[in-house]
Each structure stands twice: as C-alpha cells, then as structure tokens.
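So you can see what is in the structure, the chains are spelled out below.
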Amino acid sequence: SRKNRIKINDVLTSIGNSYVQFGDLPQALDCYRESLEITEEIYGDQPIKVSHALDNIGSILALMGKYQRAAGFFERALDMREDALGKYSVLVADTKVALGEVLFACDKEEI
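Every residue gets a number counted from 1 within its own chain, in the order that chain's sequence is written. At least 70 in pLDDT is required for a residue's local features to be given in this predicted model, at least 80 for side-chain atom pairs to be given and counted, and no such filter applies to totals for whole chains, interfaces and linings, which use all residues. For side-chain calculations, the full set of non-hydrogen atoms in the structure is used, while hydrogens and water are omitted.

What follows concerns the nonpolar core. Of all hydrophobic cores here, the largest spans 22 residues; its most connected members are Leu36, Ile57 and Val102. Elements supplying a minimum of two residues to this core: helix H2 (25–43), helix H3 (47–63), helix H4 (67–85) and helix H5 (90–110). When residues of this core are assigned to their parent elements, the largest contribution, seven residues, is made by H3. Residue contacts are counted whenever heavy atoms from the two residues lie within 4.5 Å of one another. Leaving out residues up to four positions away in the same chain, Ile57 has contacts with Leu29, Tyr32, Arg33, Leu36 and Phe73. Listed in part, the five residues of the second largest apolar core include Leu12, Cys31, Ile42 and Tyr43. We call a set of buried residues a nonpolar core when its members are Ala, Val, Leu, Ile, Met, Phe, Trp, Tyr or Cys and they connect through side-chain atoms within 4.5 Å of each other. Note on exposure labels: buried denotes an accessible area under 20% of the residue type's maximum, exposed denotes more than 50%, and partly exposed covers the range between, all computed with a 1.4 Å probe on protein chains only. Helical segments are the DSSP runs of H or I of at least four residues, strand segments are the runs of E of at least two, and each set is numbered from the N terminus.

As structure tokens, then:
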C-alpha cells in the first residue's frame, strides 16, 4: 500500500543517513537510490520531495569523488527546485552551491 511504501522510504533514508555517519558510503548510496525510486513512485507530483532524494545521491557521489555523476543529480534537483520555488529560494541557492562545488572539483581533476 502507499502508506507502507512511505514508511519503507523513510526507513531507507534513515538507514542511508546512518551509513553516512559510519562512513559506509556505498551502502548509503544503495539506500538512497532505492529511496529515490520509491520517492519518484509515490511523490512524482511533488518535485521538492523528489529533489531531496536526488540531493542525497548527489551528496554521496561527491563524497565518493564521483563529481561528474554528482553534478547530474544536483542539476536535476536544481531544475525541479527552480521550477517549484523560483530562482531566489534558499533551497535553490543551497543546490547551486553544491553544484558549483562539484563542478569546481571536476575542473580541478582535469588540470
């Protein structure tokens, strides 16, 4: 049921957060990816909720040094957030900062 899927999604996000705390980024990434699938399924019409799941994945990929892949998730989150909130939202600004950081890291890798 939808209610159960919401609970499962919340648990996956919490477990992913715990894995981050313990430094197990691959496990956190697995939880966040599964959470994104469920989030898109149950909250597809709520872009802010979906953008949070994208942001989680982008953050983990950045911590893993996979900056190009992280940028893709932050770009998707940014598009959703700008469409829903406008360009001058704090959430949009935070996403731009995260995206800028990974793009900067990508540039440094090419040097």
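A helix is expected to reach a length of 1.5 Å times the quantity of its residues less one. For H2, which comprises 19 residues, the first-to-last C-alpha distance of 25 Å matches the rise-based estimate of 27 Å (1.5 Å per residue) to within 8%. For H2, the elements touching its buried residues are helix H1 (2–21), H3 and H4. Definition of a polar contact: a pair of N or O atoms within 3.5 Å, with one able to donate and the other able to accept a hydrogen when the atoms are protein atoms, and with sequence-neighbouring residues admitted only if both atoms are side-chain atoms. Near the N-terminus of H2, the side chain that reaches the backbone nitrogen of Gln27, with its oxygen 3.3 Å away, is that of Asp24.

Once that is clear, we can look at H4. Its 19 residues place the ends of H4 26 Å apart at the C-alpha level, agreeing with the 27 Å of an ideal helix rising 1.5 Å per residue. Buried within H4 we find Ala70, Ala71, Phe73, Phe74, Ala77, Leu78 and Arg81. Along the long axis of H4, the arc covered by the buried residues comes to 165 degrees, so they all point the same way. Facing away from the buried side of H4 by more than 90 degrees, the exposed set consists of Gln68 and Asp83. Immediately downstream of H4, the backbone of Gly86 shows phi near 90 degrees, a positive value. Here the arc refers to the set of directions running from the helix axis out to each C-beta atom.

Salt bridges are identified by distance alone: a Lys or Arg side-chain nitrogen within 4 Å of an Asp or Glu carboxyl oxygen. According to the stated counting rule, one finds four salt bridges in the structure shown. Put simply, Glu41 and Arg5 hold a salt bridge, and the shortest N to O gap is 2.8 Å. Of this pair, Glu41 sits in helix H2 while Arg5 is found in helix H1, placing the two residues 36 residues apart along the sequence. Close ionic contact of Asp55 with Arg81 constitutes a salt bridge, the shortest N to O distance being 3.8 Å. Note that Asp55 is positioned in helix H3 and Arg81 in helix H4, a separation of 26 residues in sequence. Grouping residues by exposure puts Asp55 and Arg81 together as buried.

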